[in-house]
Amino acid sequence: MMLKILFVCTGNICRSPIAEETFRRAVKARGLQRVIQCDSAATHAYHIGDLPDPRTRKNAELHGLELTHHCRKLSGEDFSVFDYIVAMDNYNMENIQTISARSIGIKQAEENCFLYRKFDNVLQNKVMEVPDPYYGNSDNFEEVYQIVNRCADTFLDFLIDKHHL
């Protein structure tokens, strides 16, 4: 059994690539890389083929991560390839559902398509979205890293429990 996880944000240059890599690190730390794979994608085609934003890469490096992912757009095929599609915010969740409805004729089920902060055990003011740091400063990129890093282990615990890994 191979579980496939797709992290999604607007441009696939800030939030989803760092979510992908922090989750990959958590998977590797538990020796589950043979049963869990992950990727990331965008709901918009602004940066297709580009590396993640330099500020995201710099922040990742501060935490011992290297981001080599090249940005890509969410496709209709992704809905049959990935077991879980994880959105960074409500805007992208709506876009995911629209792309799904247009591509395959149905919206994604809540148990397989949800907001990543569902797994954040330190929610501030019950905000369920990973904030977009694009127009911010290095502190905003660090905040995103801290959020997705917290979510990685909790989400992985969920998958281990649900799929008896």
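In this text, all values refer to a predicted model and were calculated from it rather than measured experimentally. (Residues numbered from 1 in each chain as written. Predicted model: local features only at pLDDT ≥ 70, side-chain atom pairs only at ≥ 80, totals over all residues. Heavy atoms only, no water.)

(A) Seen up close, helix α2 (residues 54–62). Among the residues of α2, Thr56, Asn59 and Ala60 are the ones counted as buried. All buried residues of α2 lie within an arc of 100° about the axis, which places them on one face of the element. Away from its buried face, by an angle of more than 90 degrees, α2 presents the exposed residues Pro54, Lys58, Glu61 and Leu62. The elements touched by buried residues of α2 are α1 (15–29) and α5 (138–163). (Buried < 20%, exposed > 50% of the residue type's maximum accessible area, 1.4 Å probe, protein only. Helix = DSSP H or I, 4+ residues; strand = E, 2+ residues; numbered from the N terminus. Arc of directions from axis to C-beta. Contact = heavy atoms within 4.5 Å.)

(B) Examining the packing of aromatic side chains more closely. As enumerated under the stated definition, the model contains 14 aromatic pairs in all. Measuring from ring centre to ring centre gives 6.0 Å for Tyr84 and Phe114, while their planes differ by 50°; the resulting arrangement is tilted. Taken together, the positions of Tyr84 in strand β3 (residues 84–87) and Phe114 in strand β4 (residues 113–115) put the pair 30 residues apart, joining distant regions of the chain. Assigned by exposure class, Tyr84 and Phe114 land together as buried. With 4.9 Å between their ring centres and 45° between their planes, Phe119 and Phe155 make a pair best called tilted. Of this pair, Phe119 sits in the loop between β4 and α5 while Phe155 sits in helix α5, and the two are 36 residues apart along the sequence. Here Phe119 and Phe155 have matching classes, each one buried. (Phe/Tyr/Trp six-rings, centres within 6.5 Å; stacked < 30°, edge-to-face > 60°.)

(C) Highlighting the pairing of strand β2 (residues 36–42). The element β2 is largely enclosed, with a buried count of six among its seven residues. Where strand β1 (residues 3–9) and β2 come together, seven bridges link them in parallel fashion. If you follow Cys9 over to β2, its bridge partner there is Ala42. As for the winding sense of the linkage, the β-α-β connection from β1 through α1 to β2 is right-handed. (Pairing = 2+ DSSP bridges. Right-handed = clockwise from strand over helix to strand, strands pointing away.)

(D) Spatial organisation of the side chain of Arg15. For Arg15, the location among the structural elements is in helix α1. Arg15 gets classed as buried once you look at its relative accessible area, which sits at 1%. Within the structure, Arg15 has its side chain in polar contact with the side chain of Thr10 (distance 3.5 Å). From its side chain, Arg15 meets the backbone oxygen of Val130 in a polar contact 2.9 Å long. With sequence-adjacent residues up to four places away left out, Arg15 is seen in contact with Cys9, Thr10, Met88, Asp89, Asn92, Val130, Pro131, Asp132, Pro133 and Val144. (Polar contact = N/O pair within 3.5 Å; in protein donor to acceptor, adjacent residues only side chain to side chain.)

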